[in-house]
Amino acid sequence: MNKKPAHELLSLLKNKKVSAVEIVKSTYEQIEKHEKEISAYVTLTKELALKQAKAVDEGKRSGPLAGIPIAVKDNMCTKGILTTCSSKILHNYLPPYNATIVEKLEAAGAITIGKTNLDEFAMGSSTENSAIKTTKNPWNLNCVPGGSSGGSAAAVAADETVLALGSDTGGSIRQPASFCGIVGMKPTYGRVSRYGLVAFASSLDQIGPMTKDVRDCAILLNVLSGYDEKDSTSAKLEAPDYTKALIDDVKNLTVGIIDELMGEGVEGSTKEAIEKAVKLLESKGAKVKKVSLPHLKYSVATYYLIAPAEASSNLGRYDGVKYGLRSKEAKDLITMYKNTRAEGFGPEVKRRILLGTYALSAGYYDAYYLKALKVRTLIKEDFEKAFKDCDVLISPTSPIPAFKIGEKANDPLSMYLSDIATIPVNLAGLPAISIPCGFANGLPIGLQIIGKAFDEETILKAAYTYEQNTNWHKEKAEIR
Amino acid sequence: MSKYETVIGLEIHAQLATESKMFCSCSTKFGAEPNTNVCEICTGQPGVLPKINKKAIELAIKTGLALNCKIEPMSVFARKNYFYPDLPKAYQISQYELPIITGGHLEIEIPNEGENSNSRLRKKINITRIHLEEDAGKLVHKGAERIMGSEESLVDYNRGGTPLMEIVTEPDIRSPLEAKIFMEDLAHLLQYIGVCDAKMEEGSLRCDANISIRPVGQKELGTKTELKNMNSFRFVQMGLEAEVARHTEMKASGEKIIQETRYFDTKTHDTKSMRSKEEAHDYRYFPEPDLVTIEPDHKWIEEIRATLTELPEKKRERYINEYGLPNPIAEVLIATKSISDYFEECLKIENKPKEIANWMLVNVMAYLKNKNLDIKDIVFSPRELIELIKLIEKGTISGTAAKEVLIKALETGKNIKDIVSESGATQISDEGALQQIVKEVIKNNPKQVLQFKSGKDPVIMYLVGQVMKESKGRAKPDLVQALLRKELS
Ligand SMILES: [Zn+2]
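Residues numbered from 1 in each chain as written. Chains lettered and ligands numbered in written order. Predicted model: local features only at pLDDT ≥ 70, side-chain atom pairs only at ≥ 80, totals over all residues. Heavy atoms only, no water.

Put simply, the test is: UniProt positions are given in the numbering used here, feature names are shortened, and annotations may be inferred rather than shown by experiment.
Under an unreviewed UniProt entry, chain B has the name Aspartyl/glutamyl-tRNA(Asn/Gln) amidotransferase subunit B and belongs to candidate division WOR-1 bacterium RIFOXYC2_FULL_46_14. UniProt's Subunit (unreviewed entry) comment on chain B is quoted here verbatim: "Heterotrimer of A, B and C subunits." For chain B, the Sequence similarities (unreviewed entry) comment in UniProt is given as "Belongs to the GatB/GatE family. GatB subfamily."

An unreviewed UniProt entry lists chain A under the name Glutamyl-tRNA(Gln) amidotransferase subunit A, from candidate division WOR-1 bacterium RIFOXYC2_FULL_46_14.

## Brief notes about the overall build of chain A
This is how it is decided: A helix here means a DSSP run of H or I that spans at least four residues, while a strand means a run of E at least two residues long, and both kinds are numbered starting from the N terminus. The size measure is the radius of gyration over C-alpha atoms, and the globule rule it meets is 2.2 Å times the number of residues to the 0.38 power. The criterion used for residue contact is that any of the two residues' heavy atoms lie within 4.5 Å. Note that accessible areas follow from Shrake-Rupley with a 1.4 Å probe, and for residues the cover is restricted to the protein chains shown. Charge counting follows a simple rule: Lys and Arg are positive, Asp and Glu are negative, and His as well as the terminal groups are ignored. One atom stands in for each charge, and that atom is NZ of Lys, CZ of Arg, CG of Asp or CD of Glu.
A count of helical and extended segments in chain A gives 15 helices and 11 strands. Compactness check: chain A gives a C-alpha radius of gyration of 21 Å against a globular reference of 23 Å for 480 residues, within 12% of the reference. Over its C-alpha atoms, taken along the principal directions, chain A stretches across nearly 65 × 55 × 45 Å. Counting only contacts in chain A whose residues sit at least 6 apart along the sequence, the fraction spanning at least 24 positions is 76%. Split by element, the accessible area of chain A, about 17,200 Å² in all, is 52% carbon and sulfur. Distance from the positive charge centre (61 side chains) to the negative charge centre (56 side chains) of chain A: 2 Å.

## Quick word on the overall build of chain B
Going by this rule: Burial classification: accessible surface area is computed with a 1.4 Å probe over protein chains only, and a residue below 20% of its type maximum counts as buried, one above 50% as exposed, and the rest as partly exposed.
Helix and strand counts for chain B come out as 15 helices and 15 strands. By the compact-globule yardstick of 23 Å for 489 residues, chain B is too spread out, its C-alpha radius of gyration being 31 Å. Referenced to the eigenvectors of the C-alpha coordinate spread, the extents of chain B come out at roughly 100 × 60 × 55 Å. Of all 489 residues assigned to chain B, the portion counted as buried reaches 51%. For chain B, restricting intrachain contacts to residue pairs at least 6 apart in sequence, the fraction spanning at least 24 positions comes to 69%. A total accessible area of about 24,400 Å² is found for chain B, and carbon and sulfur atoms account for 49% of it. The centroid of the 69 positive side-chain charges in chain B is displaced by 5 Å from the centroid of its 74 negative side-chain charges.

## Looking at the pairing of strand S7 (residues 254–258) of chain A
Residues and elements named next belong to chain A. Heads up, the rule is: Strands qualify as paired when DSSP identifies two bridges or more between them.
Here S7 lies mainly inside the structure; five of its five residues are buried. With burial as the criterion, each face of S7 is covered, one bearing Thr254, Gly256 and Ile258 and the other bearing Val255 and Ile257. Sheet analysis places S7 next to strand S8 (residues 287–291), joined by five bridges and oriented parallel. The partner of Thr254 across the bridge, within S8, is Lys287. One ladder, built from three bridges, connects S7 with strand S9 (residues 392–396); its direction is parallel. The residue of S9 that forms the bridge with Gly256 is Leu393.

## Looking at the nonpolar core
Note the threshold: What we call a nonpolar core is a set of buried Ala, Val, Leu, Ile, Met, Phe, Trp, Tyr and Cys residues that are connected through their side-chain atoms within 4.5 Å.
Counting 100 residues, the largest nonpolar core has Leu105(A), Leu165(A), Ile433(A), Ile449(A) and Leu460(A) as the members making the most contacts within it. Take this core: its biggest share by element is eight residues, from helix H7 (residues 214–224) of chain A. What Ile433(A) contacts, discounting residues up to four positions off in sequence, is Arg174(A), Val183(A), Gly184(A), Met185(A), Cys217(A), Leu447(A), Gln448(A), Ile449(A), Ile459(A), Leu460(A) and Ala463(A). Judged by nonpolar contacts, the second largest core, of 64 residues, contains Ile12(B), Leu16(B), Ile130(B) and Cys207(B).

## Topic: the sheet that holds strand S6 (residues 206–211) of chain A
All names here are of chain A. Here is the rule: Inter-axis angles, ranging from 0 to 180 degrees, are taken between N-to-C directions of lines fitted to C-alpha atoms, where helices are fitted over the stretch in contact.
If you trace the 11 strands from one edge of the open sheet to the other, you get S1-S3-S2-S4-S6-S5-S10-S11-S9-S7-S8, paired in mixed fashion. Whereas interior strands pair on both sides, the edge strands pair on one side only; in this sheet they are strand S1 (41–44) and S8. Taken pair by pair, the neighbouring strands of this sheet meet at an average axis angle of 30°, ignoring direction. Along the sheet, helix H15 (residues 456–468) makes contact with strand S5 (183–186), S9, strand S10 (432–440) and strand S11 (443–451), crossing S10 at roughly 20°.

## What to know about the UniProt feature "domain: Amidase" (unreviewed entry) in chain A
In this structure's numbering, the residues bearing the UniProt feature "domain: Amidase" (unreviewed entry) are residues 22–460 of chain A. Helix makes up 37% of residues 22–460 of chain A and strand 15%, with an end-to-end C-alpha separation of 31 Å.

## Remarks on helix H2 (residues 20–38) of chain A
All names here are of chain A. Rules: Given a residue, its bend is the angle between the two axes fitted to the seven residues that end at it and to the seven that start from it.
Taking the largest bend as the criterion, H2 deviates by roughly 40°, centred on Glu32. Among all positions of H2, only Ala20, Val21, Ile23, Val24, Ser26, Thr27, Tyr28, Gln30, Ile31, His34, Glu35 and Ile38 are buried. Contacts made by the buried residues of H2 are with helix H1 (6–14), S1, helix H3 (46–57), strand S2 (69–73), strand S3 (111–116) and helix H5 (150–157). Ser39, located one to two residues past H2, shows a positive phi value of around 55°.

## Regarding the side chain of Thr43(B)
Stated precisely, the cut-off is as follows: Within 3.5 Å is the distance limit for a polar contact, defined as a pair of N or O atoms, with the added protein rule that one can donate a hydrogen and the other accept it, and that residues adjacent in sequence qualify only through two side-chain atoms.
When you line up the elements, Thr43(B) lands in the loop between strand S1 (4–15) and helix H1 (54–66). Residue classification places Thr43(B) among the buried positions, given a relative accessible area of 12%. Of note is the side chain of Thr43(B), whose polar atom sits 3.1 Å from the side chain of Gln45(B). Apart from the residues within four sequence positions on either side, Thr43(B) is in contact with Lys322(A), Tyr323(A), Val38(B), Pro88(B) and Tyr157(B).

## Some thoughts on the UniProt feature "active site" (unreviewed entry) in chain A
Residues and elements named next belong to chain A. Residues annotated by UniProt as "active site" (unreviewed entry) correspond here to Lys73, Ser148 and Ser172. Spatially, the listed residues are clustered: although they cover 100 residues, their C-alpha atoms lie within 11.0 Å of one another. With respect to the element layout, Ser148 can be found in the loop between S3 and H5. On the basis of relative accessible area, Ser148 is assigned to the buried category, the value being 0%. Excluding anything up to four places from it in sequence, Ser148 contacts Lys73, Asn117, Leu118, Asp119, Ala122, Met123, Gly124, Thr127, Ser167 and Ser172. At a separation of 2.8 Å, a polar atom in the side chain of Ser148 contacts the side chain of Lys73. Classification of Ser172 by relative accessible area gives buried; the value is 5%. When neighbours within four sequence positions are excluded, Ser172 is seen to be in contact with Lys73, Ala122, Gly124, Gly147, Ser148, Ser149 and Ser167. There is a polar contact of 2.8 Å between the side chain of Ser172 and the side chain of Ser148.

## Section: the environment of Lys272(B)
Residue and element names in this part refer to chain B. Relative to the helices and strands, Lys272 is located in strand S14 (residues 270–276). Linking Lys272 and Glu243, residues 29 residues apart in sequence, is a C-alpha distance of 9.4 Å. Excluding anything up to four places from it in sequence, Lys272 contacts Thr261, Arg262, Tyr263 and Asp265. Within the structure, Lys272 has its side chain in polar contact with the side chain of Thr268 (distance 3.0 Å).

## Quick notes on the domain arrangement of chain B
Bring the parts together and some accessible area is lost; that lost area is often taken as the interface size. Residues and elements named next belong to chain B. To keep things clear, this is the line we draw: Each domain's extent is set by a domain assignment, obtained either automatically or from a database. Once two parts are put together, the accessible area they lose, assessed with a 1.4 Å probe and summed over both, is termed the buried area.
In terms of domains, chain B is made up of domain 1 (4–301), domain 2 (309–423) and domain 3 (431–488). Look at where the C-alpha atoms of domain 1 and domain 2 centre, and you get two points 37 Å apart. Taken together, the two surfaces of domain 1 and domain 2 that pack against each other cover about 740 Å², and 60% of this comes from carbon and sulfur. The three residues of domain 1 that bury the most area against domain 2 are Arg122, His188 and Tyr192, which together make up 68% of that side's buried surface.

## Some points on the packing of aromatic side chains
Heads up, the condition is: Any pair of Phe, Tyr and Trp rings, taking the six-membered ring for Trp, is counted once the centres come within 6.5 Å. Such a pair is stacked with planes under 30 degrees apart, edge-to-face with planes over 60 apart, and tilted for the rest.
In total, this model carries 25 aromatic pairs over all chains according to the counting rule given. Seen from their ring centres, Tyr365(A) and Tyr369(A) are 5.3 Å apart, and the 40° between their planes marks the pair as tilted. Classification of Tyr365(A) by relative accessible area gives buried; the value is 12%. Residue classification places Tyr369(A) among the buried residues on the basis of a relative accessible area of 3%. Consider the rings of Tyr319(B) and Tyr323(B), whose centres lie 5.6 Å apart with planes at 40°: the pair is tilted. With Tyr319(B) and Tyr323(B) both in helix H5 (residues 312–323) and four residues apart, this pair spans about one turn of that helix. No difference in accessibility class separates Tyr319(B) from Tyr323(B), as the two residues are buried. One aromatic cluster is present, built from ring pairs that chain together Tyr93(A), Phe121(A), Tyr318(A), Tyr323(A) and Phe345(A).

## Topic: a nonpolar patch on the surface
Test applied: Candidate patch residues must exceed 30% relative accessible area and have no salt bridge, after which like charges are joined if within 9 Å and Val, Leu, Ile, Met, Phe, Trp or Tyr side chains if within 5 Å. We define a salt bridge as a contact between a side-chain nitrogen of Lys or Arg and a carboxyl oxygen of Asp or Glu at a distance within 4 Å.
Taken together, the side chains of Tyr358(A), Tyr364(A) and Tyr368(A) make up a nonpolar region of the molecular surface, amounting to roughly 280 Å² of accessible area. Given the relative accessible area of 34%, Tyr364(A) is considered partly exposed.

Pasting the structure below:
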């Protein structure tokens, strides 16, 4: 049961062919079978999930996702349920409130299976930066699942959940979706409320769906989207019914292939897979053209100034005063601050706090932070120009498939560079999806489709068309 | 020794009179149990986002309009980053490069030195900017005055997130007295337009000063020091006087003044060093990514302008010119917003400015002062005061009796009519009842009666007085006189 996508389960539930309790039980059976190898979850909420499932079966819990298991990334606040951000500094943190999207899932009747592992505070591309555990790629247990939403991606790929939520600051939904062979979408900045998402880089963070196929992505996005008065940066726009965009037709679409993301550094079979995908869309009637975004080459550098700058401020609150870890070595205020943060944060988080603090410091602000903001505007303009002639843009989600655990752990720079295709999308605030489009040595490859701001529908249409004419999304990992 | 000129600029923090906090819906009420007016937002829980309190923006704009400032079409919140336990997010949301309000001035009246002491001089103090920010929480220390060295420190976030407005002046102030007058006038104005209750002693209005001295005639400013902890109008003057004296002495002895932050020691009445420029924080300001820009539209600004009450200065002029009140009376009435509101409420019911002013000043305000009450605290309404004035005019009660009735009304909260009928303070206009007293007075004052009868007519007033006394002021004097004349003819 747990292996089916949500839309199939929903019709089975509707026709009483299956009960919500059965679905949830089979999900936990899968977890019991594989979680030891995969390590996708930080916290499991089995008791609560079974209670919620029972309520669905008794007709007391309803909504568009009633009875459907979902895993929530552990950087989204769940009232009274541990929310660690996979960090030592929040190892014991029980939020006093629910994130807006958690409230929305509740109202939709979804069943929370548990909280998934991530790179500490969502900083990383492999989930190796988790202070709690290392999540494995279900397609190859020696490989990383990607990051930072590696737990959510692995859980969906290993059928340890049906749906999952991820958050994406520089590719943290799309890259792990690509590495694990699932569908992952980063909506337009402002489309989904950030209230209750533990902030990494506020101007870039966005919550989005991680699912088994494109239809599930649309169904989950329907639940997540919409203006939230608690989030001033959320858009005051009516969210459409995204399932209406699921049409097998790209005849009037112009697809742009981003030149800069198809060249050097892109692994051979990945490049091939993307080219094949483009041919398929072309054969279905799409117009295809090459586009150039000249400022894209500065996006990683720009991102690594803006994101750490915001992070250095966002992470100031973990000081041992109010919640989370307080160092036992603290003798006074200063040693409490120093020791708490020294013990509580991992090396990658510390690296970014230092980087960001430096970029914002008096005398460096103009040269680093301000300049980065200017380049960000140029990148945005590049996209705007490209979208004058194109409806969607295409690139590989990642230039390489999943790498080995430990392979890049000591080389942060090469790790950063592997996000070259996803980062510009966050800088421009645009929506993008990653869908499975092939394999390289048994590891999934992801196709990235980028859309105009608040035009998730066209992305979904293109993705759906591709999916309807391929079988990659039906491939299941054999966990071993 | 050359003469020095003092140069002072002020940075004023005013707590805005909003019901809820700057970025969450918690109450701003003072005096609640520690950490009860708090929520996930104002305690800086992970994942929360601020939401701008529109009322705070409105009050800042109102202040800007009252101070003749420019309301910026676009302003931006910024984060001021620093660690301290009373600051739960480790940054304060403030405004930095683009404040909501710029430019403007407040006109004050200062004593005209050299001239006779009554003459006053009007002076414009320019306002550089006004910006919005949130307040920090409060720390309580055990075993020490400060966090360093304390055995234990507790934090109360009730005050955390209270909306503050920082008003920065140009270095236009030339003496500690001027600074004090400016603070008093500003406090008055803020109270008046209802944006801040402006009580320095309670901390709802706080003042820091930048101060330097320079030889008279010199253009460039001397090295400045920043002075903090002047938590009353008097201390503003005293603190600055102490600091001016220190600067002057240092210059005289050839010492170099160091740029630093100092505080006024209210016990020893001198200033002490807090931190030097080198120790100053790098706050790493950057635009707050969780908030959008503030862009007040023209219509809204005009709506706010319409709610702006008449400013004290204008009001004083109107009271003198329109109502014919003498300046000292007008000044007392405008001094407190609640008093002038009360006065104007009365005027709306009955247009008798002089009578109302007279009764308010002589009786009502004396009572309030005596009991240490605000006019807002009493039940006695403008309608009741007008009732009282009308009863006197109609002759229903005498002025003397009215005073007693008023005191009773103020004390008990009962209405005038009830008190008058209960006490029998109504004037005796019934001839039969007075006849008896008149007869008795004639009988008890044979000497005066004789004088009257022999042609000394004014003596009648003495006899009227006696009747009034006997009737405990309840008799109607003209009726008494008529009765007396009739009886003695
Ligand atoms: Zn609050």
